[in-house]
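Residues per chain are reported as follows:
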Amino acid sequence: MNPSLTRSNATLAWTTSEPVRSSYCVVTFPDGKLENGTCSGRWEAVDLPRGSYQINVTLIDNAGLVGGPFLHTWSNGNQYY
């Protein structure tokens, strides 16, 4: 018997050592869908299906210097399908 589907919320937050003018996130969902957009120190989502996720965060400081992309991966729920 397969376990029931797990859905949950996610909040990812980060800090920087200097002021950031802008930040850009690309999130990859388990089905391959991409979500692109600006993010200011955090990314949040509600009612995510189970599976593997990844986020790439790129930062631009006040001098215009680019940091990243910084990659973080995580799994939501039970991975038995």
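Rules behind the numbers
Residues numbered from 1 in each chain as written. Predicted model: local features only at pLDDT ≥ 70, side-chain atom pairs only at ≥ 80, totals over all residues. Heavy atoms only, no water. Core = buried A, V, L, I, M, F, W, Y, C linked by side-chain atoms within 4.5 Å. Buried < 20%, exposed > 50% of the residue type's maximum accessible area, 1.4 Å probe, protein only. Helix = DSSP H or I, 4+ residues; strand = E, 2+ residues; numbered from the N terminus. Contact = heavy atoms within 4.5 Å. Pairing = 2+ DSSP bridges. Axes fitted to C-alpha atoms, helices over the stretch in contact; angles between N-to-C directions.

J.: Describe the nonpolar core, with residues and values.
T.: Counting 14 residues, the largest nonpolar core has Val 27, Phe 29, Trp 43, Leu 48, Ile 55 and Trp 74 as its most contacted members. When contributions to this core are tallied by element, the ones reaching two or more residues are strand S1 (8-13), strand S2 (20-28), strand S4 (42-48) and strand S5 (51-61). Considering every element that reaches this core, the biggest residue donor is S5, with four residues. The residues touching Phe 29, leaving out its near neighbours within four places in the chain, are Glu 35, Trp 43, Leu 48, Ser 52 and Tyr 53.

J.: Explain the sheet that holds strand S3 (residues 34-38) residue by residue, including any values.
T.: As summarised here, the arrangement of the four strands in space is S3-S2-S5-S6, forming an open sheet in which the pairing is antiparallel. Among the strands making up the open sheet, the edge pair consists of S3 and strand S6 (66-76). Along the sheet, successive strands turn relative to each other by an average axial angle of 15°, direction set aside. Here S2 runs beside S3; their pairing, made up of five bridges, is antiparallel. By the bridge assignment for S3, Cys 25 is matched with Gly 37.

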